Amino acid sequence: MTTGISTQTPPWLKKRLVANDVLGLTLKTLSEGRVHTVCGSSLCPNLNECFSNGQATFLLLGNICTRGCAFCSVEKRRIPRPVNADEPSEVLAAVKKMNIRYAVLTSVTRDDFEDGGAGRFADTIRLIRNYSEEIKIEALVPDFRGDRKAVETVLDAGPDVFAHNIETVERLYPAVRPGANYRRSLSLLRSAKDMDPGQLTKSSIMTGLGEDDDDLGLAMEDLRSAGCDILTIGQYLKPGKDNIDVVRYVTPREFESYKKKALELGFRYVASGPFVRSSYKAEKAYFECHKTQSHKSQVKFLTCDLVSCDL
Amino acid sequence: MTEVKLPPIAEGVEKVSVSYWHRAVGESVNEGEDLVELVTDKATFNLPAPASGKLKEVLVSEGDEAKVGQVLAKIE
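Residues numbered from 1 in each chain as written. Chains lettered and ligands numbered in written order. Predicted model: local features only at pLDDT ≥ 70, side-chain atom pairs only at ≥ 80, totals over all residues. Heavy atoms only, no water.

## Side note on empty space enclosed by the protein
All names here are of chain A. Let me state the cut-off plainly: Think of a 1 Å grid over the protein atoms and nothing else: a 1.4 Å probe that fits but is trapped marks a cavity, an open set flanked by protein within 12 Å on at least five of seven lines marks a pocket, and residues with an atom within 4 Å of a point count as lining. Grid points are joined across faces, edges and corners, and a volume is the space filled by probe spheres set on the points. Elements are defined by DSSP. Helices are runs of H or I of four residues or more, strands are runs of E of two residues or more, and each kind is numbered from the N terminus. Gly is placed with the polar residues, together with every amino acid not listed as nonpolar (Ala, Val, Leu, Ile, Met, Phe, Trp, Tyr, Cys and Pro) or charged (Asp, Glu, Lys and Arg).
Applying the stated criterion across every chain, the model contains three cavities of 30 Å³ or more. Taken as a whole, the second largest cavity spans an internal volume of roughly 40 Å³. Every residue lining the second largest cavity is counted, 10 residues in all, and those nearest its centre are Lys 202, Thr 232, Tyr 280, Lys 281 and Ala 285. Elements supplying a minimum of two residues to the lining of the second largest cavity: strand S11 (269–272) and helix H11 (282–294). Its residues assigned to classes, the lining of the second largest cavity comprises six nonpolar, two polar and two charged.

See the structure below:
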């Protein structure tokens, strides 16, 4: 039996726990409905922090995935359960209760669906939009098997940020994302930008899986070539005993150098640090990009005020 | 008397290991200061003191495990 306890983590993988009323409300809201969060399904180490700030990332289309990525703890099955028809309205109910101002919607991969679940993203985005124009929405989508029509479906609903994570460097795809394709993921981001050049796009890379600086540099360049605006880089942490091992722990200094490199390549916002996750403080990236849009001269200053500095 | 309880950390993480008490019994602590260090598979967490006062009692020793919701210490 594993206790889930180890003393192997390096000293910089340290966080403060919070116990406040908001944490209680978040847990209560999420336990009442049938909505899932990626925070819970991925055993995220930021859960306590985000939930105590009233933030969560909603996981659409159930909590069972048709892919078997080696890094992910979400349950896998070839034919998952039918989806909950009330999911969009249940997500909206949680958004209301938690008073969420920046909603991140993501999903499991549903290769068993003709549209890959794009319609579910669109429905949920529209429902939140109809409730409030003020709430910003980020859609963090699966690869939709490269289906441009699915991208169009999501974009038509008008997300403020269109995100798709490449997760790792090209060389490690066979080991880390065996059911996915690096080039296809890049094309997905490219097609979103081509369809709407004004659309903010975002991607995320996990480090510590065996990539080297050259691999990482190439991935950043590829993302920039795909028009990607926002990049997040964080440490991969093994969620369960069946997942791929951490090859190494990247130091905070290295995360700083990745950030510098990414900014030089022209990303509009970069978050890079051990605990950075795709959706961690996602609203900050969005709002900083909008500031930089109206104050071009401040780009350098603003993009240096990064998530990693808080950690 | 304020109880120091272990808050939820991550879904599926029900247990942690208490690795270090930043204060000994009888010592003072201010609200918000790190009180106890806890270790899980993914990371190390510091739990700040929920109130100012003297650390009256430590209920989980270093090296022992604690469950979410469990009272770890009392502050008076």
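Moving on from the coordinates now.
## Overview of the interface of chain B and chain A
Here is the rule we go by: Any two residues whose heavy atoms approach within 4.5 Å are treated as being in contact. Buried area adds together the accessible area that both of two parts lose upon being put together, with accessible area traced by a 1.4 Å probe. By convention in these notes, a salt bridge is any Lys or Arg side-chain nitrogen within 4 Å of a carboxyl oxygen on Asp or Glu. Polar contact criterion, stated in full: a pair of N or O atoms within 3.5 Å, where within protein one must be able to donate a hydrogen and the other to accept it, and residues adjacent in sequence count only if both atoms are side-chain atoms. Strands are treated as partners if at least two bridges between them are detected by DSSP.
Every contact between the two is made by 26 residues of chain B and, on the other side, 27 residues of chain A. The junction of chain B with chain A conceals about 2200 Å² of combined surface from both sides, 57% of it contributed by carbon and sulfur atoms. The shortest N-O distance in the salt bridge between B:Asp34 and A:Arg16 comes to 2.8 Å. Where chain B meets chain A, there are nine residue pairs in polar contact (both at pLDDT 80 or more). Class assignment for the residues of the side of chain B that touches chain A results in 12 nonpolar, six polar and eight charged. Pairing between strand S1 (residues 14–16) of chain A and strand S5 (residues 44–48) of chain B: three bridges, direction parallel. Directly across from A:Lys14, in S5(B), lies its bridge partner B:Thr44.

## Focus: unusual backbone geometry
All names here are of chain A. The phi torsion at Arg 145 lies on the positive side, around 50 degrees, for a residue other than glycine. As for its position among the elements, Arg 145 is in the loop between strand S7 (136–140) and helix H6 (148–156). Despite not being glycine, Glu 167 has its phi angle at roughly 70 degrees, a positive value. Looking at the element boundaries, Glu 167 is found in the loop between strand S8 (161–163) and helix H7 (173–176).

## Notes on the packing of aromatic side chains
Residues and elements named next belong to chain A. Selection rule: Each pair of aromatic rings taken from Phe, Tyr and Trp, with Trp reduced to its six-membered ring, is defined by centres within 6.5 Å and is described as stacked if the planes are under 30 degrees apart, edge-to-face if over 60, and tilted in the remaining cases. Partly exposed describes any residue whose relative accessible area lies between the buried limit of under 20% and the exposed limit of over 50%, with all areas from a 1.4 Å probe on protein chains only and scaled to the type maximum. Charge-over-ring placement is defined geometrically: NZ (Lys) or CZ (Arg) within 6 Å of the ring centre, and within 35 degrees of the ring normal.
All told, the structure shown has six aromatic pairs over all chains when counted by the stated rule. The interplanar angle of 90 degrees and the centroid separation of 6.3 Å between the aromatic rings of Phe 121 and Phe 144 together place this pair among those described as edge-to-face. With Phe 121 in helix H5 (residues 118–131) and Phe 144 in the loop between S7 and H6, this residue pair connects regions lying 23 residues apart in the sequence. Side by side, Phe 121 and Phe 144 carry an identical accessibility label, which is buried. The positively charged end of Lys 15 is found above the aromatic ring belonging to Phe 275, 4.7 Å away from the centroid. One residue, Arg 224, lies across the ring of Phe 267, its end atom 5.6 Å from the ring centre.

## Details of the packing of H6(A) against helix H8 (residues 182–195) of chain A
Two measures define how a pair of helices packs: the angle their axes make with one another and the distance between the axes. Residue and element names in this part refer to chain A. Counted only if it meets this: Between the N-to-C directions of two axes lies an angle of 0 to 180 degrees, each axis being a line fitted to C-alpha atoms and, for a helix, fitted only over the stretch in contact. Working rule for angles: under 35 degrees goes down as roughly parallel, over 145 as roughly antiparallel, 65 to 115 as roughly perpendicular, anything else as oblique. Note: crossing handedness is left-handed where the near helix turns anticlockwise from the far helix by less than a right angle, and right-handed where it turns clockwise.
Running from N to C, H6 and H8 cross one another at 50 degrees; their axes reach a closest spacing of 10 Å. Taken together, the axes of H6 and H8 are oblique relative to one another. The element H6 and its partner H8 pack so that their crossing is right-handed. Taken together, the residues of H8 that come into contact with H6 (itself represented by Arg 148, Val 151, Glu 152 and Leu 155) are Leu 188, Ser 191, Ala 192 and Met 195. Classifying every residue of the contact of H6 with H8 by side-chain character gives five nonpolar, one polar and two charged.

## What about the side chain of A:Ser107?
Positionally, A:Ser107 belongs in strand S6 (residues 102–107). Filtering out sequence-adjacent residues up to four positions away, A:Ser107 remains in contact with A:Leu59, A:Leu60, A:Leu61, A:Phe121, A:Leu140 and A:Pro142.

## As for the sheet that holds strand S1 (residues 2–5) of chain B
Residue and element names in this part refer to chain B. Here four strands make up an open sheet; going across it, the order is S1-S8-S6-S3 and the pairing antiparallel. If you trace the sheet from one side to the other, it starts and ends with S1 and strand S3 (28–29), each paired once. Both S1 and strand S8 (residues 71–75) contribute to a ladder of four bridges, which runs antiparallel. Paired with Lys 5 across the bridge in S8 is Val 71.

## Some remarks on helix H1 (residues 21–32) of chain A
Owing to its 3.6 residues per turn, the α-helix aligns residues three or four sequence positions apart on the same side. Residue and element names in this part refer to chain A. Put simply, the rule reads: In this scheme, a helix's expected span is set at 1.5 Å multiplied by one less than its residue total. Each C-beta atom gives one direction from the helix axis, and the arc is the one those directions make.
Across its 12 residues, H1 extends 17 Å between first and last C-alpha, which sits within 8% of the 16 Å expected from 1.5 Å per residue. Considered for burial, the residues of H1 that qualify are Leu 23, Thr 26, Thr 29 and Leu 30. All buried residues of H1 lie within an arc of 135 degrees about the axis, which places them on one face of the element. In H1, the exposed positions that point more than 90 degrees away from the buried face belong to Asp 21, Lys 28 and Ser 31. On its buried face, H1 sits against strand S2 (36–37), helix H3 (47–52), strand S3 (57–60) and helix H4 (87–98). The N-terminus of H1 is capped by Asn 20, whose side-chain oxygen sits 3.3 Å from the backbone nitrogen of Val 22.

## Remarks on H6(A)
Residues and elements named next belong to chain A. Within H6, the full set of buried residues consists of Ala 150, Val 151, Val 154 and Leu 155. Around the axis of H6, the buried residues are gathered within 135 degrees of arc, so they sit on the same side. Exposed residues pointing more than 90 degrees away from the buried face of H6 are listed as Lys 149 and Asp 156. Among the structural elements, H5, S7, S8 and H8 are those in contact with the buried residues of H6. At the N-terminal boundary of H6, the capping side chain belongs to Asp 147, with an oxygen 2.9 Å from the backbone nitrogen of Lys 149. Phi for Gly 158, located one or two positions after H6, is positive at around 75 degrees.

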